[in-house]
Amino acid sequence: MNKKVLLALPLVLFLITFVFLFKGLFGNPKEIESGRIGQQIPAFSLPDLMDEKRIWNEQSLLGEAYLINVWGTWCPTCLIELPYLTKLREQGVKIVGLYYEQGYDPDFGDTFSLPALQQEVSQMLARTGDPYQFNILDLERKLALDLGVSGAPETFLIDKHGKIVLHHTGDINERVWRAKFAARLLELQ
Amino acid sequence: MKIFLFITCVLFSTHVLAAEEQYQFNSANEEQLFKELTLELRCPKCQNQNIADSDAVVAKDLRDKVLELVKEGNNKQQVVDYMIDRYGYFVHYKPPITPLTLLLWILPLLFVVVGFVVIFVRQKQQKNRQTSWSQQDEQKLNDLIAQYQESK
């Protein structure tokens, strides 16, 4: 009996290593879970991208489950996912854009022109379809940092109480939507 | 000799990190803490680079945040916790000991211990297999030797 256990040991060790490495084959190292999952959306107070007098905060988004989509006109992957997100909006999914301005850094003497950005955004959304209820302009990327955003595109699913339920790095397409988001959103609605 | 000195100086001067010179500190302590933290915090975008090394936008944002937090008088653990709160354990190069990471520490030790146990058990089994030398065996051996000598 003892000998059998001893003989099985290498096989068991092999299987453990095999499962571990096999799982690693399908992992995506870029997919980093935000530390904010399960927490409330952090407090913020940021202007609307198209109307800077309009200020949004964490309170103005309560009451309905929605997606926060981090994007920018500089981001090629965002360009690819915009048509699909537009399709989702047509199906009744509420999507709020968090505009992630990459180029602007006052430390390097960058200047920022809101009208120019607004025009660029309008042109791009006219081409791809506009999935957004509205866009929040996070010029200094403060809310992005508080959310644990590392770049664009990234998408968060928020429930009606303002709790962060899901975080996805990379574009949203049919496959990702079905595998990750669709069922969870249905639960929340 | 002078040329040799010059070349040495030029070669070693590349180790100076020019990127950090733009930051202003109130004290040497702050500067030290900032350096330690930016070397220890990991860039979430350019993975396998720390935030001191990375040119990603998010790495610069994190550097600025570290600077701000250090200047506010936060200690090292507080800054690390602030980042982990947002970016998860991934952002720190020294992950904490959790039940899952404990496996990484214990497994190698377990391999060594199991190896020794196997060696020990096998040796003991081999010893038991060698039964003691009986009177009968002695007699048989003596007979064989006698037979051999006679035949010669």
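Residues numbered from 1 in each chain as written. Chains lettered and ligands numbered in written order. Predicted model: local features only at pLDDT ≥ 70, side-chain atom pairs only at ≥ 80, totals over all residues. Heavy atoms only, no water.

Caption draft 1: Summary view of helix α5 (residues 174-188) of chain A. Residues and elements named next belong to chain A. With 15 residues, α5 extends 20 Å from end C-alpha to end C-alpha; this agrees with the ideal 21 Å at 1.5 Å per step. Phenylalanine 181 marks where α5 bends most, by close to 50 degrees. Looking only at α5, the buried set comprises Val176, Trp177, Phe181 and Leu185. Those residues of α5 hidden inside the fold are in contact with β3 (66-71), α2 (76-90), β6 (154-158) and β7 (164-169). (Helix = DSSP H or I, 4+ residues; strand = E, 2+ residues; numbered from the N terminus. Expected span 1.5 Å × (residues − 1). Bend = angle between axes of the 7 residues up to and from the residue. Buried < 20%, exposed > 50% of the residue type's maximum accessible area, 1.4 Å probe, protein only. Contact = heavy atoms within 4.5 Å.)

Caption draft 2: Geometry of the environment of leucine 98 of chain A. Residue and element names in this part refer to chain A. By the secondary structure assignment, leucine 98 is in strand β4 (residues 95-100). The exposure class of leucine 98 is buried, given its relative accessible area of 1%. As for leucine 98 and leucine 49, which are separated by 49 residues in sequence, their C-alpha atoms are 8.9 Å apart. Ignoring any residue separated from it by four or fewer positions in sequence, one finds leucine 98 in contact with Ile68, Asn69, Val70, Trp71, Asn135, Ile136, Asp138, Leu143, Ala144 and Leu147.

Caption draft 3: Molecular detail of the pairing of β4 of chain A. All names here are of chain A. Where burial is concerned, most of β4 is hidden: six out of the six residues are buried. Here β3 runs beside β4; their pairing, made up of five bridges, is parallel. Its bridge partner lying in β4, isoleucine 68 is registered against valine 96. Handedness of the crossover joining β3 and β4 through α2 is recorded here as right-handed. With five bridges connecting them, β4 and strand β5 (residues 134-138) associate as parallel partners. (Pairing = 2+ DSSP bridges. Right-handed = clockwise from strand over helix to strand, strands pointing away.)

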